[in-house]
Amino acid sequence: MNNYLFTSESVSEGHPDKVADQISDSILDEFLRQDLESRVAVETFCTAGLVVVGGEVASRHAYVDIPSTVRATIRRIGYTKAEYGFDAASCGVISTIHEQSGDIARGVIKESGGEQGAGDQGMMFGYACKDTPEYMPLPLFLSHSLLKVLADIRHAGEGGSTKLPLSKTPAGGDALSARQPLPKTTAAGGEGSTGAPEMPYLRPDAKAQFTIEYDANTHKPVRVHTVVLSTQHDPFAASDAEMHERIEADVRGIVLPRLIASLPAEVRHLFDDRLILYVNPTGKFVEGGPAADTGLTGRKIIVDTYGGRGAHGGGAFSGKDPSKVDRSAAYAARWLAKNLVAAGVADECLVQLAYAIGVAKPVSIFVDTCGTSRVADAQIAAKLGTLFDLTPAAIIRRFGLKNPIYAPTAAYGHFGREPYVENGLQFFGWEKLDAVPALREAFRITDGPER
């Protein structure tokens, strides 16, 4: 067999690094809610019983109650019990936020009608492929999706629901037991979706990992090879073995069937009885979250993007306002890559944008279609520079990035999400396929796109 394996992971909203990301983006949203011109670069450190928020802010009139915002975010995630070692009511909150450097501000602020410059130098990447209807790599898409299912089950047991979308097309352990057949299910909700909590022992911290087998010739997914799920839990039984047995049975009988039922048909069929499943491989995961591992903003940049596929420029997203091209240009690069693939220009696409601080236009545009395009990569890159205004100000306008839209991006990935409008604000606008007609016309593509 000439196939190959590729693996990606995701982490839940309760993972310490994601707690930090969500706090940073919630603070950013609060500044933007009061002053759309706020310039924010906020990072968060969280550990047992303590959250430290630091960074730089420039705002004309916004005042944000940092401790209240931090506690509200922690409470929403689900850290509400003292026994977790980190909870919204009792954790200490220290803020060391100060004013943004004037040397940075002079490169960003428009003066005398000039163009807004980039907030820093650097290179940003966007990627898209045909693994899923969302044009995302399948291992990362499934890792995110599994954790969303787990979070919904946990929040439902708390009396609430995160209402996290799984895909655009919803449908009606240890190694010794890893190859047991998966139970079948016919409804996305599965059994037991009402009434008593299905997995009442769940705690907020969790990690998921999917290994996908790909065809070496077509590079298309063949099957789901291995799934690893580690989920924090209460000490609910007399022995570790008893707890592990119950959790694995629930993952096999509740979580995985619900995930599979929620997926598009072309993804569902990739699960078979050869699947290897590991659930809490160490046997126990009671101590977790910031009480067990320190959390830092920006430490899950691969989870946030493409799961190791494509490339990454190194800059994190959370806590940064859109004048920072680390964030806004990465969103634009994803929009370009996704629309190129959706338009039929290529089956796979990596786009790089690079900027100089204080300079509006990108210093370079690079495209790599991995040999899947009907057009030369250099020609595509040149055309993108003429078709679209890729200055920071234009990117911000196109996607409405001065609005308070960032907290939902801080868990389960910034890409591959369904764009939506709420209270008049566009969320995940960089995921829209509104550039497809212009790209098809520019590259003279007349046959219909696959999706």
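Residues numbered from 1 in each chain as written. Predicted model: local features only at pLDDT ≥ 70, side-chain atom pairs only at ≥ 80, totals over all residues. Heavy atoms only, no water.

(A) Quick look at the environment of Pro200. Along the chain, the position of Pro200 falls in the loop between helix 4 (138-157) and strand 6 (202-214). Put simply, Pro200 and His233 are 33 residues apart on the chain and 8.8 Å apart in space, counted from C-alpha to C-alpha. Non-local contacts of Pro200, meaning those with residues more than four positions away in its chain, are made with Asp234 and Arg246. (Helix = DSSP H or I, 4+ residues; strand = E, 2+ residues; numbered from the N terminus. Contact = heavy atoms within 4.5 Å.)

(B) Region of interest: the packing of aromatic side chains. In total, this model carries 16 aromatic pairs according to the counting rule given. Pairing Tyr201 with Phe236 gives two aromatic rings, centres 4.6 Å apart and planes at 20°, and the pair type is stacked. With Tyr201 in the loop between helix 4 and strand 6 and Phe236 in the loop between strand 7 (221-233) and helix 5 (240-262), this residue pair connects regions lying 35 residues apart in the sequence. For Phe236, a relative accessible area of 31% puts it in the partly exposed group. Taken together, a centroid distance of 6.4 Å and an interplanar angle of 80° make the contact between Phe210 and Phe271 edge-to-face. On the criterion of sequence distance, the pair formed by Phe210 in strand 6 and Phe271 in the loop between helix 6 (265-268) and strand 8 (276-279) is long-range, its members being 61 residues apart. By the burial criterion, Phe210 is buried, and Phe271 matches it. Every member of this aromatic cluster is reached through a ring pair, and the members are Tyr127, Tyr306, Phe317, Tyr331, Phe415, Tyr420, Phe427, Phe428 and Trp430. Over the aromatic face of Phe6 sits the side chain of Arg309, whose NZ or CZ is 5.7 Å from the ring centroid. (Phe/Tyr/Trp six-rings, centres within 6.5 Å; stacked < 30°, edge-to-face > 60°. Buried < 20%, exposed > 50% of the residue type's maximum accessible area, 1.4 Å probe, protein only. Lys NZ or Arg CZ within 6 Å of the ring centre and 35° of its normal.)

(C) Structural view of the sheet that holds strand 11 (residues 364-368). In spatial order, the strands read 5-10-11; together these three strands make up an open sheet with antiparallel pairing. Whereas interior strands pair on both sides, the edge strands pair on one side only; in this sheet they are strand 5 (122-129) and strand 11. Ignoring strand direction, the axes of neighbouring strands in this sheet form an average angle of 15°. The sheet contact formed by strand 10 (residues 348-355) and strand 11 spans five bridges and is antiparallel. (Pairing = 2+ DSSP bridges. Axes fitted to C-alpha atoms, helices over the stretch in contact; angles between N-to-C directions.)

(D) Molecular detail of the sheet that holds strand 1 (residues 4-11). Taking strand neighbours across the sheet as the criterion, the four strands line up as 1-6-7-8 in an open arrangement whose pairing is mixed. Either end of the sheet is taken by a strand with one partner, and the two such strands are strand 1 and strand 8. Pairs of neighbouring strands in the sheet enclose a mean axial angle of 15°, with direction left out of account. For strand 1 and strand 6, the ladder comprises eight bridges, and the chain directions are antiparallel.

(E) Fine view of the packing of helix 4 against helix 5. The contact between helix 4 and helix 5 brings their axes to 9 Å, and the two run at 125°. The angle between helix 4 and helix 5 falls in the class oblique. The two elements helix 4 and helix 5 meet at a crossing, and its hand is right-handed. Here Ser145, Leu146, Val149, Leu150 and Ile153 of helix 4 lie close against helix 5, whose contacting residues are Ile254, Val255, Leu256, Arg258 and Leu259. (Parallel < 35°, antiparallel > 145°, perpendicular 65-115°, else oblique. Left-handed = near helix turned anticlockwise from the far one by under 90°.)

(F) A look at the side chain of His155. Within the element layout of this structure, His155 appears in helix 4. Residue classification places His155 among the buried residues on the basis of a relative accessible area of 6%. Engagement of the side chain of His155 in a polar contact is seen with the side chain of Glu13, the distance being 2.7 Å. (Polar contact = N/O pair within 3.5 Å; in protein donor to acceptor, adjacent residues only side chain to side chain.)

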